[in-house]
Amino acid sequence: MLSKAVLAHRSRVLAAVALGGALGSTLRYGVSLALPHADGGAVWPTLTVNVLGCFVIGAFTVLLAETERHHLLRPFLGVGVLGGFTTFSGYLADAGGLLATGQPLYAALYLLLTVLLALPAVVCGAALAGGLLTRSRRAPGTATGGEP
Amino acid sequence: MTTLLLVALGGAAGAVLRYGIDRGLRRARGSAFPWGTFTVNVVGSFLLALLVGGAATFDGLGSSGSRALLVVGLCGALTTFSTFGQDTVRLYTSGAPSHAVRYVLVTVLGGIAAAALGFGSAAALAYL
């Protein structure tokens, strides 16, 4: 039997994941409406959310590891918002769309390009967050979680 | 507005499913290979292809509402690129660059195979 406290904790985590997923998916949908996606340009929205989401998760993971944060921040922002914002099925669907319209070369290029942009984006996000943390530690008082 | 709500609803369900599958598989396997993220990405790619392929045959699936709920929301949020990228970089920097390359290849090729299977299944169902 699970204790009441464990059950309450788990339901809070699930609620944070659900809320984040709803928010991230809605943001992704918003990007797909905002960016040109008609006739052949269909891949830009998904490319944008995936690269941007990778940048943010790289930064977020460093910040989370180095600082004290609320225990629901990771389920909400990492699992929910960023997981819902980025999409792997949409990435393959875009490549499938290019293939279906007789552009197999662009499909292959798109598959490769997303990976080649998204992976360095994780590293850049982590480096930026690491740099900001170092700077904020060198200048106490300006840090968000600095010494009293 | 309705479309936005359907995307949000599907996205919430997809994220919770992804979290549950990831937790379940992480406990079961306990290896460095991200089985949870791999599974949701492959299953989500299969499901998306099945839905998109099925939309040609089954009118209900082709409506903009079910597309917003199931394709954009559910499949979009069930799968993830951010955790995939994060795990790949983690594998690379933890001293196993070949594991990182293998993870990317296995996920992308597995996802493509799953999507092809999804389309095939939709076409087969259309004959039933």
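Being a predicted model, the structure only gives us computed values, none of them experimental. (Residues numbered from 1 in each chain as written. Chains lettered and ligands numbered in written order. Predicted model: local features only at pLDDT ≥ 70, side-chain atom pairs only at ≥ 80, totals over all residues. Heavy atoms only, no water.)

Colleague: So what's going on with the UniProt feature "binding site: Na(+)" (unreviewed entry) in chain B? Residues and values would help.
Modeller: Cross-referencing UniProt, the feature "binding site: Na(+)" (unreviewed entry) maps to B:Gly76 and B:Thr79 in the present numbering. Mapping B:Gly76 onto the fold places it in helix α4 (residues 64–78). Its relative accessible area of 2% is what places B:Gly76 among the buried residues. Excluding residues within four positions of it along the chain, B:Gly76 makes contact with A:Arg28, A:Gly83, A:Gly84, A:Thr86, A:Thr87, A:Ser89 and B:Val71. Within the secondary structure layout, B:Thr79 lies in the loop between α4 and α5 (82–93). Once residues within four sequence positions are removed from consideration, B:Thr79 is found in contact with A:Gly83, A:Thr86, A:Thr87, A:Phe88, A:Ser89, B:Arg18, B:Val40, B:Asn41, B:Gly44 and B:Ser45. Side-chain polar atoms of B:Thr79 contact the side chain of A:Ser89, separated by 3.0 Å. (UniProt positions renumbered as here; feature names shortened; annotations may be inferred. Helix = DSSP H or I, 4+ residues; strand = E, 2+ residues; numbered from the N terminus. Buried < 20%, exposed > 50% of the residue type's maximum accessible area, 1.4 Å probe, protein only. Contact = heavy atoms within 4.5 Å. Polar contact = N/O pair within 3.5 Å; in protein donor to acceptor, adjacent residues only side chain to side chain.)

Colleague: Let's hear about the packing of helix α2 (residues 44–66) of chain A against helix α5 (residues 104–138) of chain A: which residues, and what values?
Modeller: Helix packing for two helices is described by the angle between their axes and how far apart those axes are. All names here are of chain A. One way to put it is that α2 packs onto α5 with a least axis distance of 7 Å and a crossing angle of 30°. Considering the angle they form, α2 stands roughly parallel to α5. When you trace α2 past α5, the crossing you get is right-handed. Residues of the contact of α2 with α5, tallied by class, amount to 18 nonpolar, 6 polar and 2 charged. (Axes fitted to C-alpha atoms, helices over the stretch in contact; angles between N-to-C directions. Parallel < 35°, antiparallel > 145°, perpendicular 65-115°, else oblique. Left-handed = near helix turned anticlockwise from the far one by under 90°. Nonpolar A, V, L, I, M, F, W, Y, C, P; charged D, E, K, R; others polar.)

Colleague: Tell me about the side chain of B:Asp87, and name the residues and values.
Modeller: Residue placement: B:Asp87 occurs in helix α5. For B:Asp87, a relative accessible area of 10% puts it in the buried group.

Colleague: Outline the UniProt feature "transmembrane region" (unreviewed entry) in chain B, supporting the account with residue identities and numerical values.
Modeller: As recorded in UniProt, the feature "transmembrane region" (unreviewed entry) lies at residues 38–56, 68–84 and 104–127 of chain B. From the first C-alpha to the last, residues 38–56 of chain B spans 28 Å; its make-up is 95% helix and 0% strand.

Colleague: Lay out the UniProt feature "transmembrane region" (unreviewed entry) in chain A in plain terms, naming residues and giving numbers.
Modeller: All names here are of chain A. The UniProt record marks residues 44–65, 72–93 and 105–129 with the feature "transmembrane region" (unreviewed entry), using the residue numbering of this structure. Between the C-alpha atoms that bound residues 72–93 the distance is 32 Å, and the span itself is 82% helix and 0% strand. The straight-line gap between the two end C-alpha atoms of residues 105–129 is 36 Å; of that span, 100% is helix and 0% is strand.

Colleague: Go over the nonpolar core, please, and point to the residues and values.
Modeller: Side chains that are nonpolar tend, in soluble globular proteins, to be buried together. One finds A:Phe88, A:Tyr91, A:Tyr110 and B:Phe81 to be the most contacted residues of the largest nonpolar core, which totals 28 residues. Of all the elements in the fold, those that place two or more residues in this core are α2, α4 (89–100) and α5 of chain A together with α2 (35–55), α5 and α6 (97–127) of chain B. When residues of this core are assigned to their parent elements, the largest contribution, 8 residues, is made by α5(A). Apart from residues no more than four positions distant in its own chain, B:Phe81 is found in contact with A:Asn50, A:Cys54, A:Thr86, A:Thr87, A:Phe88, A:Tyr91, A:Thr114, A:Val115 and A:Ala118. Membership of the second largest hydrophobic core comes to 6 residues, among which are A:Ala16, A:Val17, B:Ala15 and B:Tyr19. (Core = buried A, V, L, I, M, F, W, Y, C linked by side-chain atoms within 4.5 Å.)

Colleague: I'd like a rundown of the packing of aromatic side chains, residues and numbers included.
Modeller: Tallied over the full model, the rule gives 11 aromatic pairs over all chains. With a centroid separation of 5.5 Å and an interplanar angle of 65°, the aromatic rings of A:Phe88 and B:Phe84 are classed as edge-to-face. With A:Phe88 in the loop between α3 (73–85) and α4 and B:Phe84 in helix α5, the pair connects residues from two separate chains. Classification of A:Phe88 as buried rests on a relative accessible area of 0%. Owing to a relative accessible area of 0%, B:Phe84 belongs among the buried residues under this scheme. Between B:Phe33 and B:Tyr103, the ring centres sit 5.3 Å apart and the planes meet at 85°, which makes this aromatic pair edge-to-face. On the criterion of sequence distance, the pair formed by B:Phe33 in the loop between α1 (2–29) and α2 and B:Tyr103 in helix α6 is long-range, its members being 70 residues apart. One aromatic cluster is present, built from ring pairs that chain together A:Phe88, A:Tyr91, A:Tyr110, B:Phe33, B:Trp35, B:Phe38, B:Phe81, B:Phe84 and B:Tyr103. (Phe/Tyr/Trp six-rings, centres within 6.5 Å; stacked < 30°, edge-to-face > 60°.)

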